[in-house]
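# Analysis of the macromolecular model
Chain by chain, the residues run as shown.
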Amino acid sequence: MAEGELYFPEGVNIKKWGGTKQSGADLALLLQSLITAISELKDVMQGTALDIEMLQPIAKASLHDEAVAADSDILGSPAEPERTPCLFRVMAGFDAAGALSAVVTNGGDSQVVKLNSGNDLAASALYIFDLLLDEGDSINFRYSVAATLKVLRLQEIDIGVQ
């Protein structure tokens, strides 16, 4: 195939589109209409609930090489979502085996739930968990044993971007 030449799979006839004969001008008009529609969609998305910035995760916490006490809150203050409902993704690794729990609080009522099906995390291994948060929720984490937190990253993910 020569440089700049369009490739079409075998059996595809550019002169027929959807079973009807099309001219080059018809295809150019169709392509221009598609470009216009995409441009208009982009304009509509700017400054709305579908703003492109919402497609990027929001960093909520980033800890590295920190000592944690057994069964104590890991974050200095609970993380709260900016937009709900949303997904919080936590990545964590510790230097000692232990159980990681999420402390989900809503309206002053805190619920402590174990992650990883309640099983201990392996020492020096990295784990990722997703948690759903709703309006009024905040979250913190606890580890069942005193350990060094090797790394913890917490991100808010909106609009089903995963």
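As a reminder, the structure under discussion sits directly above these lines.
The text that follows walks through the structure, step by step, so that each part is easy to find. (Residues numbered from 1 in each chain as written. Predicted model: local features only at pLDDT ≥ 70, side-chain atom pairs only at ≥ 80, totals over all residues. Heavy atoms only, no water.)

Turning our eyes to something else, we now look at the pairing of strand β7 (residues 127-133). With burial as the criterion, only one face of β7 is covered, namely that bearing Y127, F129, L131 and L133; the residues I128, D130 and L132 on the opposite face remain uncovered. Across 7 bridges, the pairing between strand β4 (residues 86-94) and β7 is antiparallel. Of the residues in β7, the one forming a bridge with A92 is Y127. (Buried < 20%, exposed > 50% of the residue type's maximum accessible area, 1.4 Å probe, protein only. Helix = DSSP H or I, 4+ residues; strand = E, 2+ residues; numbered from the N terminus. Pairing = 2+ DSSP bridges.)

Read across the open sheet, the 4 strands follow the order β3-β9-β4-β7; overall the sheet is antiparallel. Two strands close off the open sheet at either side, each with one partner strand: β3 (58-68) and β7. Along the sheet, successive strands turn relative to each other by an average axial angle of 15°, direction set aside. (Axes fitted to C-alpha atoms, helices over the stretch in contact; angles between N-to-C directions.)

The sheet built from 3 strands is open, its strands ordered β6-β5-β8 with antiparallel pairing. Of all the strands in the sheet, the pair left with one neighbour each is β6 (109-114) and β8 (137-143). Along the sheet, successive strands turn relative to each other by an average axial angle of 25°, direction set aside. Sheet analysis places strand β5 (residues 100-106) next to β8, joined by 7 bridges and oriented antiparallel. Bridge assignment links V104 to a residue of β8, and that residue is I139.

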